[in-house]
Amino acid sequence: MEKVVSGIRPTGNLHLGNYFGAVTSFVKMQEQFDCMFFIADWHSLTTHPKPGDITKSVDTILAEYLACGIDPSKATIYVQSDVPQVLELYLYLNMNAYLGELERVTTFKEKARQQPDNVNAGLLTYPTLMASDILIHRALKVPVGKDQEQNMEMARKCARRFNNIYGVEFFPEPQSFHFTAQAVKIPGLDGSGKMGKSQDNCVYLKDDEKTIRKKVMKAVTDCGPSQPNSPKPEVIQNLFDIMAVVSTPDTVEHFDTAWNDCSIRYGDMKKQLAEDINAFCAPIREKITEYSSNTELLHRVAREGAEKARISAQATLDEVRQIIGFHK
Ligand code: TRP
């Protein structure tokens, strides 16, 4: 079966954007591919988090992944730091990665600007660690967003370079992969752009009914359509886009008609939207609560996932060591 690898940095709770953008695809992919979904806790060290924060965020992602339907009997769910093989490969890849190319990575330049006092070597070699996450399993497909394209290019470069240096056809070149033809983009509630943690415009899967209502009622709107059948401005289209994934087609049509004949009342629309988001999130939220309190289960899932991941990783590493010229 073809291998799929994807990592998520443990930086908080999953929001609707994560859910519709990635997690629903993961749930479908686990039926068709040999999926490895891991929590990139080593990557998160670039910002020097506190020990307690890491433990908490890792458990949060584990609980939320399970609540969303990622099934440990189908996919391998593991924590990156439980698979030390990744670090050995990271070292080998770093020996063939050049300062110039790493410095040119846009995400590095951005981070260096955001945290000028902490431009550490881990930040610089973020792409080789990511390449190692992927190549350690010799994965072919990596479900990631557009923002990861440059990192994916580095991963391919690492694979090619290793093969060239040693004259082997060992690492396949991983490709980014989109399970659905059109990626679902969930806009934020602040009127522009997509939902994202750093933008503070998110509805989190764990948000309770009151929180959801408060956030949705505060969503940015305009002063209403000025004439019938006018095109929707972005802020309004955004609300309709969210509605499209959580509400029934009838509901969407109702407000669409109201927009077109200028009878729309944003207050009513938001109230409905909040209700539908809540109805959608409620069963997931219940499971998040249930799994979060069951650390025994979470740790068992992580332990069993790590065992499987280590076997896959060690098989690659054994061959890599031999190719490089280390004796067994
Ligand atoms: N860089 C990815 C992000 O920020 C997370 C990540 C780390 C990842 N290692 C990976 C994604 C390997 C896919 C494969 O979203």
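The rules behind each value
- Residues numbered from 1 in each chain as written.
- Predicted model: local features only at pLDDT ≥ 70, side-chain atom pairs only at ≥ 80, totals over all residues.
- Heavy atoms only, no water.
- Helix = DSSP H or I, 4+ residues; strand = E, 2+ residues; numbered from the N terminus.
- Polar contact = N/O pair within 3.5 Å; in protein donor to acceptor, adjacent residues only side chain to side chain.
- Contact = heavy atoms within 4.5 Å.
- Near = heavy atom within 4 Å.
- Nonpolar A, V, L, I, M, F, W, Y, C, P; charged D, E, K, R; others polar.
- Buried < 20%, exposed > 50% of the residue type's maximum accessible area, 1.4 Å probe, protein only.
- Disulfide = S-S within 2.5 Å.
- Salt bridge = Lys/Arg side-chain N within 4 Å of Asp/Glu carboxyl O.
- 1 Å grid on protein atoms, 1.4 Å probe; cavity = no way out; pocket = protein on both sides within 12 Å on 5 of 7 lines; lining within 4 Å.
- Points joined across faces, edges and corners; volume = space filled by probe spheres on them.
- Axes fitted to C-alpha atoms, helices over the stretch in contact; angles between N-to-C directions.
- Parallel < 35°, antiparallel > 145°, perpendicular 65-115°, else oblique.
- Left-handed = near helix turned anticlockwise from the far one by under 90°.

Caption draft 1: Representation of the side chain of T46. Assignment of secondary structure puts T46 in the loop between β2 (34-39) and α2 (51-68). Among the polar contacts made by the side chain of T46, one reaches the main-chain carbonyl oxygen of H43 at a distance of 3.2 Å. With sequence-adjacent residues up to four places away left out, T46 is seen in contact with Q115, N118, N120, G122, L123 and Y126.

Caption draft 2: Focus on the site of the ligand. Around the ligand, the neighbouring residues are S6, G7, R9, F38, H43, Y126, M130, D133, I134, V142, V144 and Q148. With respect to the ligand, the side chain of R9 contributes an N or O atom lying 3.0 Å from an oxygen atom. Secondary structure elements with two or more residues in the shell around the ligand: β1 (3-8) and α7 (126-135). Broken down by element, the shell around the ligand gets its largest block of residues, 4 residues, from α7. Residue classes in the shell around the ligand are distributed as 6 nonpolar, 4 polar and 2 charged.

Caption draft 3: Structural view of unusual backbone geometry. For R138, which is not a glycine, the phi torsion comes out positive at approximately 50°. Mapped onto the elements of the fold, R138 is located in the loop between α7 and β4 (141-142). Since its relative accessible area comes to 25%, R138 is described here as partly exposed. In this structure, C262 takes a positive phi of about 60° despite not being glycine. Relative to the helices and strands, C262 resides in the loop between α11 (249-260) and α12 (266-292).

Caption draft 4: How the structure looks around the state of the cysteines. Within this structure, the stated rule accounts for 0 disulfides. With no disulfide partner, C202 has as its closest neighbouring cysteine sulfur the one in C281, 12 Å distant. Residue class for C202 comes out buried when judged on its relative accessible area of 4%. Cysteine C262 shares no disulfide, and the gap to the nearest cysteine sulfur, in C223, comes to 12 Å.

Caption draft 5: How the structure looks around the pattern of salt bridges. Under the defined criterion, the tally for this structure stands at 16 salt bridges. A salt bridge links D53 to K50, with the shortest nitrogen-to-oxygen separation between them at 4.0 Å. Note on D53: relative accessible area 40%, which makes it partly exposed. Under the relative-accessibility criterion, K50 is labelled exposed at 58%. Between E101 and K157 there is a salt bridge; the shortest N-O distance is 3.4 Å. Pair noted here: E101 is in helix α4 (residues 99-103) and K157 is in helix α8 (residues 149-166), with a separation of 56 residues, a long-range link. The exposure class of E101 is buried, given its relative accessible area of 8%. The exposure class assigned to K157 is partly exposed, which follows from its relative accessible area of 28%. Through salt bridges with shared partners, one network takes in E149, E153, R156, R160 and E173.

Caption draft 6: How the structure looks around the layout of surface pockets. Approximately 220 Å³ is the volume found for the second largest pocket. Taken together, L189, D190, D200, N201, C202, Y204, K214, K215, K218, A219 and V220 form the lining of the second largest pocket. Partitioned by chemical class, the residues of the lining of the second largest pocket number 5 nonpolar, 1 polar and 5 charged.

Caption draft 7: Looking closely at the environment of V245. By secondary structure assignment, the location of V245 is in helix α10 (residues 234-246). Through-space distance from the C-alpha of V245 to that of F177 is 22 Å; in sequence the pair is 68 residues apart. Apart from the residues within four sequence positions on either side, V245 is in contact with F20, V184 and I186.

Caption draft 8: Geometry of the packing of α10 against α11. At their nearest, the axes of α10 and α11 sit 10 Å apart, and the two run at 160° to each other. The angle between α10 and α11 places the two elements in the roughly antiparallel class. α11 is crossed by α10, and the crossing has left-handed handedness. Contacts between α10 and α11 involve I236, F240, M243 and A244 from the first element and T251, V252, F255, D256 and W259 from the second. Taken together, the residues of the contact of α10 with α11 sort by class into 7 nonpolar, 1 polar and 1 charged.

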